[in-house]
Amino acid sequence: MVVSAEQFVGAVDRWWDMTFPPGSDRPEYDEFKSDLVLADLWVADMVLPFVRHGVVRPDPIGIPDKLEALDRRAVDLRLEAVKESDRLLTEWYVEYATTLRDVYALYLDRLTIV
């Protein structure tokens, strides 16, 4: 898939405008949120310099695989949620994790045509 610069920047803007999900009183949710914070930083560290200045940095840790695993964890948390409040929170986790994965995939797509 070839993504235009406008589509890519639009996706980055939507991610940047998203509200980050809150924590929880459940330890497994707070652990996930901590990992989500780290993933958000990875994506920001790679994508924002490219969007703002055209700077491309090497990926030292295999970000796509880590984002995919995080997305699967979010889905698993969602599937295990019983209470309505947990269901809503884990849906938010899924949405945010999926957005990170998708924005990074678009970034990688843009790198192939730059």
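Residues numbered from 1 in each chain as written. Predicted model: local features only at pLDDT ≥ 70, side-chain atom pairs only at ≥ 80, totals over all residues. Heavy atoms only, no water.

With that settled, the discussion passes to the overall build of the protein chain. The helix and strand tally for the protein chain stands at four helices and zero strands. If you list the helices and strands of the protein chain from N to C, you get α-α-α-α. Rg of the C-alpha trace for the protein chain: 15 Å, near the compact-globule value of 13 Å for 114 residues, within the 12% margin. With respect to the principal axes defined by its C-alpha atoms, the protein chain has extents near 45 × 25 × 20 Å. When burial is assessed residue by residue, the protein chain has 38% of its 114 residues classed as buried. Nonlocal contacts in the protein chain, meaning residues at least 24 apart in sequence, comprise 75% of its contacts between residues at least 6 apart. Carbon and sulfur atoms make up 56% of the accessible area of the protein chain, which totals about 6600 Å². Of note, the protein chain has its 13 positive side-chain charges centred 1 Å away from the centre of its 22 negative side-chain charges. (Helix = DSSP H or I, 4+ residues; strand = E, 2+ residues; numbered from the N terminus. Rg over C-alpha atoms; globule rule 2.2 N^0.38 Å. Buried < 20%, exposed > 50% of the residue type's maximum accessible area, 1.4 Å probe, protein only. Contact = heavy atoms within 4.5 Å. Areas by Shrake-Rupley, 256 points an atom, 1.4 Å probe, with all protein chains shown as cover. Lys, Arg positive; Asp, Glu negative; His and termini not counted. Charge placed at Lys NZ, Arg CZ, Asp CG, Glu CD.)

Once that is clear, we can look at the packing of helix α2 (residues 27–53) against helix α3 (residues 63–80). It is the contact of α2 with α3, at a shortest axis distance of 11 Å, that shows an interaxial angle of 150°. It follows that α2 is roughly antiparallel to α3 by the angle criterion. Crossing angle aside, the handedness with which α2 passes α3 is left-handed. In this structure, α2 contributes Glu28, Tyr29, Glu31, Phe32, Asp35, Leu36, Ala39, Trp42, Val43 and Met46 to the contact, and α3 contributes Ile63, Lys66, Leu67, Leu70, Arg73, Ala74 and Leu77. (Axes fitted to C-alpha atoms, helices over the stretch in contact; angles between N-to-C directions. Parallel < 35°, antiparallel > 145°, perpendicular 65-115°, else oblique. Left-handed = near helix turned anticlockwise from the far one by under 90°.)

Looking now at the confidence of the model for the protein chain. In regions of low pLDDT, the predicted coordinates are not meant to be interpreted in detail. Looking at the protein chain as a whole, its pLDDT mean stands at 95, while 98% of the residues score no less than 70. When pLDDT is averaged over each helix and strand of the protein chain, the minimum, 95, is found for helix α1 (residues 5–17) and the maximum, 98, for α3. (pLDDT = per-residue confidence, 0-100.)

Let's shift gears to the packing of α1 against helix α4 (residues 84–113). Where α1 contacts α4, the axes come no closer than 10 Å and their chain directions differ by 155°. Viewed along their axes, α1 and α4 adopt a mutual orientation that is roughly antiparallel. Here α1 and α4 pass one another in a crossing that is left-handed. Counted together, Ala5, Phe8, Ala11, Val12 and Trp15 of α1 and Tyr96, Thr99, Leu100, Val103, Leu106, Tyr107 and Arg110 of α4 form the full contact between these two elements.

If you walk through the whole model with that rule in mind, you get seven aromatic pairs. The interplanar angle of 70° and the centroid separation of 4.8 Å between the aromatic rings of Phe20 and Tyr96 together place this pair among those described as edge-to-face. Remark: Tyr96 occurs in helix α4 and Phe20 occurs in the loop between α1 and α2; sequence separation between them is 76 residues. Each ring, one from Tyr29 and one from Tyr93, has its centre 6.2 Å from the other, and the planes form 85°; the classification is edge-to-face. Placement of the pair is Tyr29 in helix α2 and Tyr93 in helix α4, with a sequence separation of 64 residues. With respect to burial, Tyr29 and Tyr93 carry one shared label: buried. The lysine or arginine in question, Arg26, covers the ring of Tyr29, its NZ or CZ lying 4.6 Å from the ring centre. (Phe/Tyr/Trp six-rings, centres within 6.5 Å; stacked < 30°, edge-to-face > 60°. Lys NZ or Arg CZ within 6 Å of the ring centre and 35° of its normal.)

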